[in-house]
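Overview (structure and organization)
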Amino acid sequence: MKHFTLESNMRANIGGAFYPTGYSMVMFPNAEDADRIGHRLIESGMSGDEVYLLPAATVLAEITPTAGNADNPLPSAGTEGATVRAYTKLAREGHTALLVKTKNEEAANRLMEVVRTVPYSIAQRYRTLVIEDL
């Protein structure tokens, strides 16, 4: 799995909130489950460069600050700010995240087949102009 660093292309063009188009973000109440699922994804053929493990501290340090201007200069037409706030709430409760490259619906379905084997708290797929519940 790859170490996460927020890159400029993982932010919305307007407001700058976390919006990693082409990725899915899944949060787990149990850090061991998140780690195990990440390794299972890699074992099933996904590239280790396409799977990021984000401990709660990383979510709070890297992703939470992006919601600060999500509704500036105008209220957001989308839900990116609210989604970041949901991640923040879960991270404060100790949840761990996986950010996984999901280029298409087939990749998202394969991801969720593995994810659904353990309890998870939220799963979102970022597509162009759409944040989809998984």
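Preceding this paragraph is the structure being described.
These lines cover the structure that appears in this document, whether it is placed above or below. Note that the structure is a prediction, hence the values are computed from the model and not measured.

As a further point, take the overall build of the protein. Across its full length, the protein holds four helices and five strands. Mapped in sequence order, the helices and strands of the protein form the string β-α-β-α-α-β-α-β-β. Here the C-alpha atoms of the protein give a radius of gyration of 14 Å, agreeing with the 14 Å that 2.2 N^0.38 yields for 134 residues. If you line up the protein on its principal axes, its C-alpha atoms span 45 × 30 × 25 Å.

Attention now goes to the packing of helix H1 (residues 31-43) against helix H4 (residues 105-115). Axis separation between H1 and H4 bottoms out at 10 Å; the angle between their running directions is 135°. Taken together, H1 and H4 sit at an angle that is classed as oblique. Taken as a pair, H1 and H4 cross one another with a handedness that is right-handed. Between H1 and H4, the contacting residues are Ile37, Arg40 and Leu41 on the first element and Leu111, Val114 and Val115 on the second.

Glancing now at the pairing of strand S5 (residues 130-133). Look at any regular strand and the pattern is simple: side chains alternate between the two faces of the sheet. Relative to S5, strand S4 (residues 122-127) is paired through four bridges, and the arrangement is antiparallel. Residue tyrosine 126 lies in a different strand from S5, and its bridge partner there is isoleucine 131. Hairpin connection of S4 to S5: two residues between the antiparallel strands, including leucine 129 at a positive phi of 70°.

Now for the pattern of salt bridges. In this structure the tally under the stated criterion is six salt bridges. Across the pair glutamate 93 and lysine 89 runs a salt bridge whose closest N-O atoms are separated by 2.7 Å. Residue classification places lysine 89 among the exposed positions, given a relative accessible area of 51%. Here glutamate 106 makes a salt bridge to arginine 110, at a shortest N to O gap of 4.0 Å. Pair noted here: glutamate 106 and arginine 110 are both in helix H4, with a separation of four residues, about one helical turn.

With 13 residues, helix H3 (residues 80-92) should reach 18 Å at 1.5 Å per residue; the first-to-last C-alpha distance of 18 Å fits that figure. Within H3 the residues assigned to the buried category are Glu80, Gly81, Thr83, Val84, Tyr87, Thr88, Leu90 and Ala91. Just downstream of H3, glycine 94 is the residue with a positive phi angle, here 95°.

Before going further, it helps to spend a moment on the environment of tyrosine 126. Assignment of secondary structure puts tyrosine 126 in strand S4. Linking tyrosine 126 and phenylalanine 18, residues 108 residues apart in sequence, is a C-alpha distance of 9.9 Å. Those residues in contact with tyrosine 126, other than ones at most four positions away along the chain, are Phe18, Tyr19, Pro20, Thr21, Gly22, Tyr23, Met25, Thr83, Tyr87 and Ile131.

The subject of this paragraph is the environment of aspartate 33. Within the secondary structure layout, aspartate 33 lies in helix H1. Assessed through its relative accessible area of 10%, aspartate 33 is described here as buried. When the C-alpha atoms of aspartate 33 and leucine 54 are compared, they prove to be 12 Å apart, with 21 residues separating the residues in sequence. Contacts of aspartate 33, omitting those with residues within four sequence positions, involve Phe28, Val118 and Pro119.

About the criteria used
- Residues numbered from 1 in each chain as written.
- Predicted model: local features only at pLDDT ≥ 70, side-chain atom pairs only at ≥ 80, totals over all residues.
- Heavy atoms only, no water.
- Helix = DSSP H or I, 4+ residues; strand = E, 2+ residues; numbered from the N terminus.
- Rg over C-alpha atoms; globule rule 2.2 N^0.38 Å.
- Axes fitted to C-alpha atoms, helices over the stretch in contact; angles between N-to-C directions.
- Parallel < 35°, antiparallel > 145°, perpendicular 65-115°, else oblique.
- Left-handed = near helix turned anticlockwise from the far one by under 90°.
- Contact = heavy atoms within 4.5 Å.
- Pairing = 2+ DSSP bridges.
- Salt bridge = Lys/Arg side-chain N within 4 Å of Asp/Glu carboxyl O.
- Buried < 20%, exposed > 50% of the residue type's maximum accessible area, 1.4 Å probe, protein only.
- Expected span 1.5 Å × (residues − 1).

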